[in-house]
Structure formats: C-alpha cells, structure tokens
Amino acid sequence: MTPAGDFDGFFAREIAPFIEQKEAERKVVLRRAIQRAVPIAVAGLAAFALSSQLIEDEDARGFALFGSIVIVIIGALMLTSVLTWGRKFAEELSAKVFGHFGYVYSPKAPENYLAPFNRCSLLPGYDRESLEDHVLGEVDGVPFELAEAFLEKRVKRDKRDDYDLVFRGLVARYAFPKRFEGRTIVRGDRGSFFNSMSHAGVDGERVHLEDPRFEEMFEVFSSDQVEARYLLTPAFMERLIKLAEAADGPLQAAFDGGDLLLAIDGRRGYFAQPSPWKDLRQSDHIREFVEDIGFIREIAEVLKLDAETRV
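Rules behind the numbers
- Residues numbered from 1 in each chain as written.
- Predicted model: local features only at pLDDT ≥ 70, side-chain atom pairs only at ≥ 80, totals over all residues.
- Heavy atoms only, no water.
- Phe/Tyr/Trp six-rings, centres within 6.5 Å; stacked < 30°, edge-to-face > 60°.
- Helix = DSSP H or I, 4+ residues; strand = E, 2+ residues; numbered from the N terminus.
- Buried < 20%, exposed > 50% of the residue type's maximum accessible area, 1.4 Å probe, protein only.
- Lys NZ or Arg CZ within 6 Å of the ring centre and 35° of its normal.
- Axes fitted to C-alpha atoms, helices over the stretch in contact; angles between N-to-C directions.
- Parallel < 35°, antiparallel > 145°, perpendicular 65-115°, else oblique.
- Left-handed = near helix turned anticlockwise from the far one by under 90°.
- Contact = heavy atoms within 4.5 Å.
- Nonpolar A, V, L, I, M, F, W, Y, C, P; charged D, E, K, R; others polar.

This brings us to the packing of aromatic side chains. Under the counting rule described, the total for this entry stands at 20 aromatic pairs. Judged by centre distance (6.4 Å) and plane angle (40°), the ring pair of Phe7 and Phe11 falls under tilted. In this pair, Phe7 and Phe11 both sit in helix α1 (residues 7–54), four residues apart, roughly one turn of the helix. When its relative accessible area of 28% is taken as the criterion, Phe11 is described as partly exposed. Look at Phe7 and Phe101: their rings are 5.9 Å apart centre to centre, the planes differ by 20°, and that puts the pair in the stacked class. Of the two residues, Phe7 is situated in helix α1 and Phe101 in the loop between α3 (80–100) and β1 (104–106); the sequence distance between them amounts to 94 residues. With a relative accessible area of 9%, Phe101 lands in the buried category. An aromatic cluster of at least three residues, connected via ring pairs, comprises Phe7, Phe10, Phe11, Phe101, Tyr103, Phe144 and Tyr174. Here Arg128 stacks its cationic end above the ring of Tyr163, 3.7 Å away from the centre of that ring. The ring of Tyr230 carries the charged tip of Lys178 above its face, separated from the ring centre by 4.3 Å.

This paragraph deals with the packing of α3 against helix α9 (residues 285–303). The contact between α3 and α9 brings their axes to 11 Å, and the two run at 50°. It follows from the interaxial angle that α3 and α9 lie oblique. At the point where α3 passes α9, the crossing takes the right-handed sense. Residues Leu93, Ser94, Val97 and Phe98 of α3 pack against His285, Ile286, Phe289, Ile293 and Ile296 of α9.

This next bit is on the packing of helix α8 (residues 234–246) against α9. Two quantities define a packed helix pair, namely the angle between the axes and the distance from one axis to the other. Between α8 and α9, the shortest axis-to-axis distance is 8 Å and the interhelical angle comes to 155°. On the basis of their axis angle, the class for α8 and α9 is roughly antiparallel. Our pair here, α8 against α9, has a crossing hand that is right-handed. In this structure, α8 contributes Phe236, Arg239, Leu240, Lys242, Leu243 and Ala246 to the contact, and α9 contributes Phe295, Glu298, Ile299, Val302 and Leu303. Here the residues of the contact of α8 with α9 sort into eight nonpolar, no polar and three charged.

Have a look at this one:
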C-alpha cells in the first residue's frame, strides 16, 4: 500500500492532472446543458406571461399556464446531464483516492449490508434507506468494510406521508482479534428516559462494568456476561471512550460474528465530493475527503485492533 504520507506527491502526480482534465470536461457539459435548457425555459416563461395577459377564458388560461410550467420544467431537466456527469466524476475520483490508501471503493453497498447492524439493534427504526460509498480494505492487517448510510422514518404530516432523518453516518465492521461466541452490544447513553426503554429489542442481559466513566457513556447488553467482560477489558473500554470522543456523532457498537460493528451517527455526508456547478480546482473537498479516509485508520489504531495481545 502506498504510504499515506506520500499523498501530496500522489496528488501532484495523478489527482491534480485528473481534476484539470475533468474541469475542462465539466465546462463543456455545463455549457451544452445551459444552451439546451435556457431557450426552452425562456419559451416557457414567455408563454406563461402571454397566457396570463391575453387569454380571458379561465379554463383555457389554466391549461395554457399548466403547459407553460411543463415547458419550464422540461428546460430545467435538461440540466440533469450536469448532475449525471458529476456523479460519474465523483465515482472516478473516489476510486483513485481510496485506491491510493489501498482500499477498494464502490459507489453502492452490497444488498442487505445493514442486516448485522439491525440484528444488533445499532440503528434506529427506519422505513427508507440509502447506502453509498462502500469501502473494503485492511488497516495494519485488520480487514474492514464500511459504508455511508442515510436512514429515514415515515411520518404523517398534513394527512400525507413524509420522512424524517433518523441516521446519517458510517456503518463499519472490523475483524476483531479475540475469539468469541456470543453477542455483546454497546449502546450509547441517551438519557434517563431512553435508558429506561433501551433494553427493548436488544438481546441479552444488562452488563454492569466497573469503569464509571464508561458506564456513564454506554450501556452494555450481552448473551454471555463472562464473555462481555473478556471483550470489554478496562483498556478496551478506555479505547472505546477515546473513539467516541474522536467521532463526530453518537457511537454504537457490537461484538457479533467475529466482528466489531460500529455505527456513528455524524448527521453529515462523509467523503466529500465537489459540486459539478463549481470549478473543481477551487474546492477544498480533497482535504476533507482525506481527513474522512484517515478516520478509517484512526478507528483501528485507537482501538488497537491489529494485535490480540494489545486488546
């Protein structure tokens, strides 16, 4: 794997020329889209103005106004080619940058990717999901897999269905160096009201640990009390606290199926991508992108997952 410290050199050799080339493409795509969209939108607006003033019959005027609005919308849809180009560019850029760090990138996550996270009750209830930016790789020999999740819950507003955001963040799984058979769930402390209901839907019994700071931040449930204490040593509890402080949102975790599962609700998009409406060379998205990628390694390093003797 190419050393992360050589990113500046990698950027100068490969990313900067690539962005320069894509910026030239973006200008052509944007100009063509505008050339197609503007005449149609102007025609729609002109028809809208004329129909409002010249047609007296209300039914006919309403029909004309509707037609004018449709024309304007069609003109606006001509700009979707810019968004399509932007998505393709973002995928190509992501593959290059993740590849530099030795990771394999895909714009979409595998089907049923969230199943183990739901099985361990690490995610809130939701009715609609969107997964993107799936990444596979290793950190110092520790296999991992993660993706971005956007989860929404259906609600009723004014007698119609609407959706509220309930989770937007990272869902990750890292191979755990210690062997275990059961399931242990570590849930972030959400206040006294939620704590009284927190066992709902969670398998296992409540595990009380000796670290008061950890107990204040998390609740632990496990199918095996002895195994839970074997996994959550004082040193590892301290590392989970440190990771929770480094994360930019609530942290939930679980030991299941030989993996450590993590759900971080950062309420933001990770791995920032440039806007196709702006000059690609003037964005600071690459810096933010690399910082988010660095967090992948930080998780494994903070938790010291690369050696069983350290756990």
